[in-house]
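Single-letter residue listing:
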Number of protein chains: 2
Amino acid sequence: MKKQLFFWLLAAGFPAAAQTPTPLTARQGKVKLTFMLAAGQPTYAVTYGTKAVVNASRLGLAFEGGQGFDGPLTLLGSEVKDVDETWQPVWGEVKNIRNHYQQLTVHLRQPAAPGRRLDVVFRVFADGVGFRYELPRQLALGNFVVSDELTEFALPADHQAFWIPGDYDTNEYLYTKSRLSAVDNAQQVKASTEIAVRDAPDAQAVATPLMLKADDGLYVNIHEAAQVDYPAMQLHVDRASHRLTARLVPNAVGSKAFLRAPSRTPWRTIIVSDKAPDILASKLILNLNEPSKLPTTDWIKPMKFVGVWWEMQIGKSDWKYANSADTLDAQGHLIPTGRHGANTANVKRYIDFAAAHHIAGVLVEGWNVGWEDWFGAWKEQVFDFVTPYPDFHVQEIKDYAQSKGVQMIMHNETSGSATSYEQHLDTAYQFMNRFGYPSVKTGYVGRIIPRGEHHDGQWMSNHFVRVAEMAAKHHVTVDMHESVRPTGLSRTYPNWLSGEAGRGNEYNAFSIGSPPEHETIMPFTRFIGGPMDYTPGIFKLQNFEPTGKRSVRTTLAKQLALYVVLYSPLQMAADLPENYEAHPDAFKFIEDVPVDWDDTRIVAAEPGDYITTVRKAKGENEWYLGSITDENARTQPVKLDFLPPGQRFEATIYADAKDADWQKNPASYQITKQVVTSKSTLTLRLAPGGGAAVSFKPVAGK
Amino acid sequence: MKKQLFFWLLAAGFPAAAQTPTPLTARQGKVKLTFMLAAGQPTYAVTYGTKAVVNASRLGLAFEGGQGFDGPLTLLGSEVKDVDETWQPVWGEVKNIRNHYQQLTVHLRQPAAPGRRLDVVFRVFADGVGFRYELPRQLALGNFVVSDELTEFALPADHQAFWIPGDYDTNEYLYTKSRLSAVDNAQQVKASTEIAVRDAPDAQAVATPLMLKADDGLYVNIHEAAQVDYPAMQLHVDRASHRLTARLVPNAVGSKAFLRAPSRTPWRTIIVSDKAPDILASKLILNLNEPSKLPTTDWIKPMKFVGVWWEMQIGKSDWKYANSADTLDAQGHLIPTGRHGANTANVKRYIDFAAAHHIAGVLVEGWNVGWEDWFGAWKEQVFDFVTPYPDFHVQEIKDYAQSKGVQMIMHNETSGSATSYEQHLDTAYQFMNRFGYPSVKTGYVGRIIPRGEHHDGQWMSNHFVRVAEMAAKHHVTVDMHESVRPTGLSRTYPNWLSGEAGRGNEYNAFSIGSPPEHETIMPFTRFIGGPMDYTPGIFKLQNFEPTGKRSVRTTLAKQLALYVVLYSPLQMAADLPENYEAHPDAFKFIEDVPVDWDDTRIVAAEPGDYITTVRKAKGENEWYLGSITDENARTQPVKLDFLPPGQRFEATIYADAKDADWQKNPASYQITKQVVTSKSTLTLRLAPGGGAAVSFKPVAGK
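Read on for a plain summary of the structure.

Assigned secondary structure in chain A consists of 14 helices and 36 strands. In summary, chain A has a C-alpha radius of gyration of 26 Å against a globular reference of 27 Å for 702 residues, a match within 12%. Overall, chain A is about 75 × 70 × 55 Å in size when its C-alpha atoms are taken along their principal axes. Buried residues in chain A amount to 64% of all 702 residues. Carbon and sulfur atoms make up 51% of the accessible area of chain A, which amounts to about 23400 Å² in all. Between the averaged position of the 71 positive side-chain charges in chain A and that of its 77 negative side-chain charges there is a distance of 5 Å.

The subject of this paragraph is the sheet that holds strand β23 (residues 361-364) of chain B. All names here are of chain B. If you trace the 7 strands from one edge of the open sheet to the other, you get β27-β26-β25-β24-β23-β22-β28, paired in parallel fashion. A single partner strand is all that each edge strand has here, and the edge strands are β27 (496-499) and β28 (570-572). Geometrically, the sheet is characterised by an average inter-axis angle of 30 degrees between neighbouring strands, direction not taken into account. With 3 bridges connecting them, strand β22 (residues 303-308) and β28 associate as parallel partners. The residue bridging Lys-304 from the neighbouring strand is Gln-571, located in β28.

With an axial shift of 0.0 Å and an RMSD of 0.0 Å, the rotation relating chain A to chain B amounts to 180 degrees. Between the two chains, the operation in question is that of a two-fold axis. Nearest to the rotation axis, the C-alpha of Pro-450 of chain A is located 2.9 Å from it, this being the minimum over chain A. By residue overlap, the copies meet face to face through one surface: 100% of the interface positions of chain A are interface positions in chain B.

In this section: the interface of chain A and chain B. Accessible area lost upon the coming together of the parts is a frequently used measure of interface size. Contacts between the two partners involve 41 residues from chain A and, on the opposite side, 41 residues from chain B. Across the chain A to chain B interface the summed buried area is about 3600 Å²; carbon plus sulfur atoms make up 55%. If you sort the residues of chain A by the area they bury against chain B, Phe-258, Asp-326 and Arg-451 of chain A come out on top, with a joint share of 18%. Summed over the shared surface of chain A and chain B, the number is 6 salt bridges. Residues Arg-260 of chain B and Asp-373 of chain A are paired through a salt bridge, measuring 2.6 Å at the closest nitrogen-oxygen approach. The tally of links between chain A and chain B comes to 14 residue pairs in polar contact (both at pLDDT 80 or more). Sorting the residues of the side of chain A that touches chain B by element identifies α1 (6-12), β19 (257-260), α8 (418-434) and α9 (458-473) of chain A as the ones contributing at least two each.

Where strands meet in a sheet, backbone hydrogen bonds hold them as pairs that are either parallel or antiparallel. All names here are of chain A. The strand order across the open sheet built from 6 strands is β29-β30-β31-β36-β33-β34, with neighbouring strands paired in antiparallel fashion. The open sheet has two edge strands with one neighbour each: β29 (597-606) and β34 (669-676). Going across the sheet, the axis of each strand differs from the next one's by a mean of 15 degrees, ignoring polarity. Direction of pairing for strand β30 (residues 610-617) relative to strand β31 (residues 623-629): antiparallel, over a ladder of 7 bridges.

Residues and elements named next belong to chain B. Two numbers describe how helix α6 (residues 344-356) lies on helix α7 (residues 394-404): the axes approach to 10 Å, and their chain directions differ by 15 degrees. Considering their axes alone, α6 and α7 lie roughly parallel with respect to each other. Classified by chirality, the crossing of α7 by α6 is right-handed. When α6 is examined against α7, the residues Thr-344, Val-347, Lys-348, Ile-351, Asp-352 and Ala-355 are found in contact with a partner set consisting of Glu-396, Ile-397, Tyr-400, Ala-401 and Lys-404. Here the residues of the contact of α6 with α7 sort into 6 nonpolar, 1 polar and 4 charged.

The rules we used
Residues numbered from 1 in each chain as written. Chains lettered and ligands numbered in written order. Predicted model: local features only at pLDDT ≥ 70, side-chain atom pairs only at ≥ 80, totals over all residues. Heavy atoms only, no water. Helix = DSSP H or I, 4+ residues; strand = E, 2+ residues; numbered from the N terminus. Rg over C-alpha atoms; globule rule 2.2 N^0.38 Å. Buried < 20%, exposed > 50% of the residue type's maximum accessible area, 1.4 Å probe, protein only. Areas by Shrake-Rupley, 256 points an atom, 1.4 Å probe, with all protein chains shown as cover. Lys, Arg positive; Asp, Glu negative; His and termini not counted. Charge placed at Lys NZ, Arg CZ, Asp CG, Glu CD. Pairing = 2+ DSSP bridges. Axes fitted to C-alpha atoms, helices over the stretch in contact; angles between N-to-C directions. Least-squares fit on C-alpha atoms with pLDDT ≥ 70 in both. Contact = heavy atoms within 4.5 Å. Buried area = accessible area lost by both parts, 1.4 Å probe. Salt bridge = Lys/Arg side-chain N within 4 Å of Asp/Glu carboxyl O. Polar contact = N/O pair within 3.5 Å; in protein donor to acceptor, adjacent residues only side chain to side chain. Parallel < 35°, antiparallel > 145°, perpendicular 65-115°, else oblique. Left-handed = near helix turned anticlockwise from the far one by under 90°. Nonpolar A, V, L, I, M, F, W, Y, C, P; charged D, E, K, R; others polar.

Written out as structure tokens, the structure is:
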């Protein structure tokens, strides 16, 4: 056997004294990346045409115990390569994704003995830049602990920002629109009592995706891609200089990441354009993720679903079966309150509704023992994920759903106890396989166990990937709630269909809710990382709960439009069956609208104001449009030039009625039909807090 | 259905204003327990005949957020009951165990609203007292977090103590004999660099089991029983007053225990006698544990074993296969050093030896990938527990061992990453089932993951129980190394055969080792909680490693005696086959000695000085004796009145030769035989650091 030490080759690859002159550059279209090493300090800058996107900004990683890449570095060399390829996602907004970039790899060395090496890899796309740190295999670096990431984003001006607090445990805040110089999350964090667990020690920290709008017309989005084995990046805002600095969510002992070379960080992403729609259309983050790791994907099915869920959110029924874990009869059995939502008869009602309306799935929350004492005590063993309440008959429900052609969706709430979930994971997924649940919605409401860890730290980042992997092994798709926000990992784990990690429609049920502008911001922020199970489709928008004080602050037509504007391969029809049955004509749009697409066009968009999106159904000659506005009424013209020329389509327009208004008359809608072609133009009238949804189906015989 | 609230019944059981007068007492033999409530402060005291064992000492539990049982309490009532029963352990030192005690239950209430209730349950045995706190099911107490346990042990005088530091992560220190007033662990903790992970923030804290000797002749041992879902108790020593206070090992966020009523703490145990042998013979801790929870136990087999292990400890071979994880050839494969111990040929050599000498098992450490980078970096994913090195052929070894009638023993080193082990547990045990490993030795060398948790905290306490339960599910027996020290849980989980959690023979291989007195202290301390895999049987006691500086500080005969003196249902013959083959006559004792017994008598014992133990083989008319001394030579007479009267036995005496001495001539032994009866007396001559082992077998035909 030839005993050849691979690492010697690597180490020998670069003469120690090489000093390639900087700047080094890479570009694609209008985007240009410049790397500089001045006085040993690596920086990068990004321009878009003649406009500065990011001024010279620091790069680096600091290690515990020193000897990281925070001191002066030397340049060993660099390489540039061009890549242009096209790939097909298992599901998504488009059928084909072009991955076209110029890559600059910069090899750096720490001059202090023993001379550790770091690569910085930049990928420059026509719509932005991604870069990451890579620690190659080397003798001088084995295990290490990241104490800080020094990455900066030096913004050239005091942009408008759409931001939520940089919280270690939640992304469910309302968005604030402010100048960077005005970022201060302290009051909001304190006041947001509708969010169960909050931990945001830095008042000047914001979460990503961070959406920015410059006064010179540039739109900039900062986030990350492929967050694996690493904590989430948040951004500390220096309000005077508009310089953003990476802040990594710490672990239980205050460290950031335990790693071993060879290793690499997630990609730091900057999406940029002078047109807001381009931000929404960007595939930069998906392109920076690894291809699917799953051996097969034919079992992965996007779908719509209804569920025993909204009725608990609005207080009509309960997750729990008894009043408390101590409400026991003489035999030691829980005494039912009679308010338990997940009972067999009620579940069958949802199955019947789904079957009647071609909705593929039925989610049931509160089906399993533990809800009497599930939250707030940082308990580790709360649920075992396999034991139903006495009134939930697993086998009977399985048989009934199968007979109706409906698929059951499992619910695994962990109450934040990730260790407990991992202990039960294999058993839980075997249970799903046995009882016909092809999909699971997970939940992490509560402080995390391992105690001291955070939802958005390295340990949980690995946990979420483990869940996706274990689910895939059992051919189960996943919808993760209260997880870290997505960074495009659904490309690598296409069974990771959707998630929450943002402020969904549910906040309208139990809290002050979200203002009409909310859904016009979400696609520019939370959805930049991937699909969200936003749970649209509420038809009863007011007076749906006992106090009468809560409301969903949109019109009904806007709820329909959200199925197109907010992309997810899992979409819930969240309202109660009886509320849908009161509006069968409007519900037709939800029945029709697909969850997987061949193509997508962003017709018009402005964060915080409006979005109009049109998509082509996968494998079908059908198109669907969604248009939404904030609290202001708007008229939105739409040229139908996306339709194939020379064909006639029947457009069914679900629009706000003339008197519609999110506050005064949200459920007022009108449905009209007209025949159109690619030369037609539709003019949509959106009410305050309103929207419009349109289906385009080919006219038969033409 | 009759809706009857069980907790109302409970709450109604005691009139709120009842004030039973104290003292309340319970007694058994010479032991008397007194409970007092004075000014709302509960205390207890213990006497042995006329002698004070524990003076009036505080009781109580403090909760995070207050409203615990640290303030003044009122007495609701009390009950006394007597229990006398006999049970049979699955394996052990005796066939029958008598559980004979008087129980006093004291019902207390916190007067502050809402009036939470606490029971203190005392069990008084002829050889000591156990007591625990019980939190009954009650409306006023759901989830709670223990911030401190207030239990005290007010010792009446400045006793001699045999102690090790109260360390959150290890019990592998050398014992110090000192007065309580001289306890200070700081220097020892700092200097004990042979122990990988040490964390002992309180210089006046000692671990349990704590062995005490009073000047008035009493022997007292303080420990705990049934440590489940609760951290280990350590003891803070007030050096002036000789008052010991419970200190619970904290978790990652500084709390002690997350619990929910109904709940109960482990038993706090005080074993007492005026004869040292009674301490060793006590079954108090086993009696305080729950009966077996396993549905079947016939698959649980005590056994002796050899293993590929000591050769790594002494530097003859390595656990690792390559020099480092980065020592790769051009194909990316590890480049072997040629020093890997766990190779198929070497393993077969041990199998051959075991088969030839009727040793049931063969342990192999270092068989699986990961040892190049397993320790010191707090890495979570180190081993996967199922991937062998290229030179360890799992199937071939399985087939070979089976053909020889030998059982393989698995090794699962976790490097402290308990989360990773739990992730892989089911897969790892399925692997054992497939490849014929009925037993596993686990290891936790390193800082614990979940990071911030400790080996001896609540989380790991639960982990160890989970491992025992999962192993039982797969019919696997367990030997846990670097776990929390035992508290009798092998009664409840009889597949939990043995453990480490103490300073075993291995320290003689790689460190300054342990002095001759060590093994005379261990049965009074570490072994009070349960069996230890001490790995006795070293025959090559000097010059066994390259430096020639290490030595095992006993004679060879003492190594034999340890198989009787140190009880474990798993006993290793730890030395190399070639070292045994050099002394086949002495090895005959190891071949013969059982690991399961019908009866045990402690002939003579004094902590730190000497122990002589004799045991009857389970189901056989054979007896085995072990006698050990410290650094002083001793003559130990032994009356053979334990032998059945009227029968003749051949005694084979493995004794130190006249010139034997642990320092100068440790391997000098002589083997003699004589015929004896129950009326005979043997006089054993123990060399400095020496011992003697004797087998008694019935003389055929008489």
